[in-house]
Amino acid sequence: MALHPLIIDVDVVKEHGHNGWFLEPSGWFRIHHKEPESREANEFLIKSLAEKLHLSHSHITIIHGVEERIKRIKIGKDITREELIAVLEAQEIKK
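Residues numbered from 1 in each chain as written. Predicted model: local features only at pLDDT ≥ 70, side-chain atom pairs only at ≥ 80, totals over all residues. Heavy atoms only, no water.

1. Brief notes about the nonpolar core
At step 1: Counting 23 residues, the largest nonpolar core has Val10, Trp21, Phe29, Ile60, Ile73, Ile75 and Leu84 as its most contacted members.
At step 2: Contributions of two or more residues to this core are made by strand 1 (6-14), strand 2 (21-23), strand 3 (29-33), helix 1 (39-53), strand 4 (60-64), strand 5 (70-75) and helix 2 (81-88). (Core = buried A, V, L, I, M, F, W, Y, C linked by side-chain atoms within 4.5 Å. Buried < 20%, exposed > 50% of the residue type's maximum accessible area, 1.4 Å probe, protein only. Helix = DSSP H or I, 4+ residues; strand = E, 2+ residues; numbered from the N terminus.)

Structure (structure tokens):
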């Protein structure tokens, strides 16, 4: 069976006391970090996804936006977007 990785966009925003994952009206995921455009934020993002999905860090790849606030992430696991939302317990943001 072939692996069908999931690709998502994540907006890493400046931390303002919010924790957890959010789902923006645009369809992007959002997570908070004190330094959104830093290597530390990238490591935090990969670690957070890997832990929630019970994957090795090597299965999570930033394929675009390494030095930007908005990042495109490839998750090397057969998982649907809906399953990911449930696993992350992402709260939907209403406009």
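What follows picks up the thread again.
2. Details of the sheet that holds strand 4
At step 1: With respect to topology, six strands assemble into an open sheet ordered 4-5-1-3-2-6, the strand pairing being mixed. Among the strands making up the open sheet, the edge pair consists of strand 4 and strand 6 (91-92).
At step 2: As judged from the three bridges shared by strand 2 and strand 3, these two strands associate in the antiparallel manner. Counterpart to Trp21 in the pairing with strand 3 is Ile31.
At step 3: Along the sheet, helix 1 makes contact with strand 1, strand 2, strand 3, strand 4 and strand 5, crossing strand 3 at roughly 125°. (Pairing = 2+ DSSP bridges. Contact = heavy atoms within 4.5 Å. Axes fitted to C-alpha atoms, helices over the stretch in contact; angles between N-to-C directions.)

3. Digging into the environment of Lys95
At step 1: By the element assignment, Lys95 lies in the segment after strand 6.
At step 2: The class of Lys95 is exposed, set by a relative accessible area of 92%.
At step 3: In this structure the C-alpha to C-alpha distance between Lys95 and Asn19, which are 76 residues apart in sequence, comes to 19 Å.

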